[in-house]
Amino acid sequence: MANLEQGLAALKQYFGYESFRPLQEKTITYLLEGKDVLTLMPTGGGKSICFQIPAIILEGTCIVVSPLIALMQDQVEGLVANGIRAAFLNSSQTPSEQQDIETRLLQRQLDLLYISPEKIISPGFIPVLNTIKINLFAIDEAHCISMWGHDFRQEYTKLGFIREQFPGIPILALTASAEKVTRLDITRQLGIPEEHILVASFDRPNIYLEVRPGRKRMEQITDFVHHNRKQSGIVYCLSRKSTEQVAARLQAAGYKAAFYHAGMSARDRASTQSDFIADRTQIICATIAFGMGIDKSNVRWIIHYNLPKNMEGYYQEIGRAGRDGLPAQALLFYTVADLQMLRDMLTQQESNQAELQLAKLERIQQYAESLVCRRRVLLNYFGEPFHRDCDNCDTCKQPHSGIDGTIIAQKALSALYRTGGRESNSLLIHILRGSRKKEVLEKNYHELKSYGCGAEHSYEAWQFYLVQLRNLGYLESPPDQKNMVLINDASKRVLFSGEKVKLIRFSGSGRSTETPVKISRGPSQTQRDLSELYDLLIELRRSLAVKAGIPPYSLLSDADIQSMIEQLPVSTYELHSVSGMSQKKIADYGNFFRQAILSFVSDRPLLAKKKSKALTFAYLEKGLSLEEIASLRQLKLVTIEDHAAQLYTDGFPLDIRPFLPLDAEVVIREAIHKAGGVKAPLKTLHDLLFGQYSYLAIKLTLAKMERERMQI
Ligand code: ADP
Ligand code: ZN
């Protein structure tokens, strides 16, 4: 039976990663125990590793059901580039292509088969499934199974047959979005026990959240893009026309920008998308249609030119930035005009959903107007308790002066608690203010102990405070009943455990509108060198990706390039510790990167000094002698000899025998013992050996003894 250790070895070999993320480890452990699991992770959380690793280490094939053809293709290309046996089957292929894949499947040549839901439920394919050994079923985008999810697909509801027809083979359902109802629906339909739902935090801590007033948007955008040169980004606009206008303005300012909307031909859309994926286009100005089903991990920023309709859409869109985990930015422009337009649009629509949609709009308005940490507002909205300031949003960076709002909170929450824990927003305020309104009296609320306890604050002030309490997670309100407020666990902590609450004081006026100022210090020479090298490696990645016919981010992610910049591998040996460098990628591309870094570093005195030992090793790897290296690098021979000894101590795979024959080692070891151990001065040892052995041989013997002590 395979175990987690084998999983880790495969993670290193095939993906070049050192460790699992916590929920990946948990999911894989469950699957290896044969359990069914539903795993929820945000975009970029690393869902695919959860089934790819078991697929590789378990005997047989993993069947991956995936609804988006483009994504399927992308993932399979990525896997093949890492030397993994994967293929896909869907309607975009000719019958003979499909036949080829089936043959490979039957001949046990596939570790992973990606398949569309239509195909897996087709009667012709079931006998094939029955013939092969399957180690796991992975259902990607599992929320599609539920009518409650936002992307329902009829074929998904038939997937229940898997549990019936293939008892004993574990099922893994994966999704990035599923509130409670959808979650339960997924587990019920696929026969996954409810206690096997694993949920990762939905926070995307690497995304900086910022909201700015939408004055002179275009100028602000050009300025923003100027400060984020060469970084991929998306500007989301509400109308087709504004996508075209913004793109034109950016082009005029000299940027590689393009627009994308549903009014374009399918061909134009496809080519715009692939230019973006291949880093030929830097910026896309798009309506919300863009970004679905692309996996580009190095989108560095998202701008919302207009206010989105709801938090769900907003979070999904900003989630397309920073999937590689590196810092990313989300900038939202907020104007009252946008708000009014959306409100009008929703009010006019003939739908029983209008009420719900308006309630959702109100929540994003509150997010945009929030004076407290935006991440708190966001995560609490999605039902994830988050009770600290994130330090990575505009309000955290420029906090508004807070007051101790504990008493205010206690008053509001205790009044709500005494009503039974659930009441409408306005009625709660009337109770607090001691109003004689009809509804108050009808419900006998004037007899509550809290009646009138908050009369010192105006109606508007209470409204302001209740919104904050809700944004901070101390109150809840059901999405379909915007005016109701509910007590939750956090409210109880304030009422009964003395939790302190910080609030922004009500001042009667709106928020201040200044934008945060970024202080920038001039970069040091080393930083400048590294950023030049970064650009060079990005360009190298692009040209290698073009040759290989894969997207650049799929060859190596931005995070992997960053890891390279941190480690500066100049030798093949060092490439193994670069994140994302699987064995196959080292074999296919390692030399290109290593060479580029080697020649760059050799030319830059500061970097060369930093990497001095490693450079010696790189030249040794190439077969140069110590003397040759010394003269090439214009360093003393003794320095190069010291490098060799230190490299050996550090665990570099250096063949020391040419410098230290076995018989010499025996004699030198004896001398070291006689001289009282490894601390003896070199000169003493050299003299003790009558100068018959070189200093290098002595140093290498000492290095070897040090390695033995450290048990390398
Ligand atoms: P999701 O499908 O959940 O959106 P992906 O599977 O695309 O996320 O993974 C997001 C990024 O994180 C990818 O660049 C992936 O290579 C990287 N990644 C996944 N697991 C790990 C890990 N254990 N260590 C380092 N990077 C990882
Ligand atoms: Zn914050």
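Residues numbered from 1 in each chain as written. Chains lettered and ligands numbered in written order. Predicted model: local features only at pLDDT ≥ 70, side-chain atom pairs only at ≥ 80, totals over all residues. Heavy atoms only, no water.

1. Brief notes about the overall build of the chain
Each helix and strand in the chain was counted, giving 34 helices and 17 strands. By residue count, 54% of the 712 residues in the chain fall in the buried class. Within the chain, counting contacts between residues at least 6 apart in sequence, those at least 24 apart form 71% of the total. As presented, the chain carries roughly 33200 Å² of accessible surface, and 52% of it is formed by carbon and sulfur atoms. Averaging the coordinates of the 86 positive side-chain charges in the chain and doing the same for the 79 negative ones gives two points 4 Å apart. (Helix = DSSP H or I, 4+ residues; strand = E, 2+ residues; numbered from the N terminus. Buried < 20%, exposed > 50% of the residue type's maximum accessible area, 1.4 Å probe, protein only. Contact = heavy atoms within 4.5 Å. Areas by Shrake-Rupley, 256 points an atom, 1.4 Å probe, with all protein chains shown as cover. Lys, Arg positive; Asp, Glu negative; His and termini not counted. Charge placed at Lys NZ, Arg CZ, Asp CG, Glu CD.)

2. Side note on the sheet that holds strand β13 (residues 328–334)
Within the open sheet, the six strands sit side by side as β8-β13-β12-β9-β11-β10. Their pairing is parallel. Looking at which strands have only one partner, the edges of the open sheet turn out to be β8 (207–213) and β10 (257–260). Taken over all neighbouring pairs, the strand axes of this sheet differ in orientation by 15° on average, direction set aside. The sheet contact formed by strand β12 (residues 299–304) and β13 spans four bridges and is parallel. The residue bridging W301 from the neighbouring strand is Q329, located in β13. Running over the sheet, helix α15 (residues 354–369) touches β8 and β13 and is turned about 110° from β13. (Pairing = 2+ DSSP bridges. Axes fitted to C-alpha atoms, helices over the stretch in contact; angles between N-to-C directions.)

3. Digging into the coordination of the zinc ion (ligand 2)
The coordination sphere of the zinc ion (ligand 2), as far as protein atoms go, consists of C373 (SG), C390 (SG), C393 (SG) and C396 (SG), spread over 2.3 to 2.4 Å. If you look at the zinc ion (ligand 2), its four donor atoms make angles of 102 to 119° with each other, and the shape they trace is tetrahedral. The sequence pattern formed by the donor residues of the zinc ion (ligand 2) is C-x16-C-x2-C-x2-C. Here C390 lies in the loop between α16 (374–381) and α17 (394–397) and C373 lies in the loop between α15 and α16, a separation of 17 residues in the sequence. For the pair formed by C373 and C390, the shared burial category is buried. (Donors = N, O, S within 2.8 Å, 3.2 Å for Na, K, Ca; no water. Tetrahedral: all angles 85-135°; square planar, octahedral: opposite > 155°, others 65-115°.)

4. Considering the pairing of β10
In the sheet, β10 pairs with strand β11 (residues 283–286) via four bridges, with the strands oriented parallel. Residue A257 lies in a different strand from β11, and its bridge partner there is I283. After leaving β10, the chain enters helix α12 (residues 266–277) and then returns to the sheet as β11, a path that is right-handed. (Right-handed = clockwise from strand over helix to strand, strands pointing away.)

5. Focus on the domain arrangement of the chain
For the chain, the domain assignment lists domain 1 (4–199), domain 2 (207–343), domain 3 (402–504) and domain 4 (526–602). Taking only C-alpha atoms into account, the centre of domain 2 sits 28 Å from that of domain 4. If you look at the interface, domain 2 gives 11 residues, while domain 4 gives 10 residues. Here domain 2 meets domain 4 over a buried area of about 850 Å², counting both sides, of which 58% is carbon and sulfur. Connecting domain 2 to domain 4 are three salt bridges. The closest approach of N and O atoms between K230 and D535, which form a salt bridge, is 3.1 Å. For the interface between domain 2 and domain 4, the tally reads three residue pairs in polar contact (both at pLDDT 80 or more). Class assignment of the residues belonging to the side of domain 2 that touches domain 4 gives a composition of three nonpolar, two polar and six charged. (Domains from an automatic or database assignment. Buried area = accessible area lost by both parts, 1.4 Å probe. Salt bridge = Lys/Arg side-chain N within 4 Å of Asp/Glu carboxyl O. Polar contact = N/O pair within 3.5 Å; in protein donor to acceptor, adjacent residues only side chain to side chain. Nonpolar A, V, L, I, M, F, W, Y, C, P; charged D, E, K, R; others polar.)

6. Points about the site of ligand 1
Lining the immediate surroundings of ligand 1 are 14 residues, of which Y17, G44, K47, S48 and R323 lie closest. The separation between an oxygen atom of ligand 1 and a polar main-chain atom of G44 is 2.6 Å. Considering ligand 1 on its own, with 570 Å² of exposed area, one finds that the protein chains cover 81% of that surface. If you tally residues by element for the shell around ligand 1, the top one is helix α3 (residues 47–57), at three residues. Here the residues of the shell around ligand 1 are counted per class, giving four nonpolar, seven polar and three charged. (Near = heavy atom within 4 Å.)

7. Observations regarding the packing of aromatic side chains
Applying the stated criterion across every chain yields a total of 12 aromatic pairs. Judged by centre distance (6.2 Å) and plane angle (65°), the rings of Y573 and F617 are edge-to-face. One end of the pair, Y573, is in helix α26 (residues 572–575); the other, F617, is in helix α29 (residues 612–622), and 44 residues separate them in sequence. Among the residues examined, F617 registers a relative accessible area of 3% and is labelled buried. Positioned over the ring face of Y30 is K35, at 4.7 Å from the centre of the ring. Across the ring face of Y305, the terminal group of R217 is positioned such that the distance to the ring centre comes to 4.6 Å. (Phe/Tyr/Trp six-rings, centres within 6.5 Å; stacked < 30°, edge-to-face > 60°. Lys NZ or Arg CZ within 6 Å of the ring centre and 35° of its normal.)

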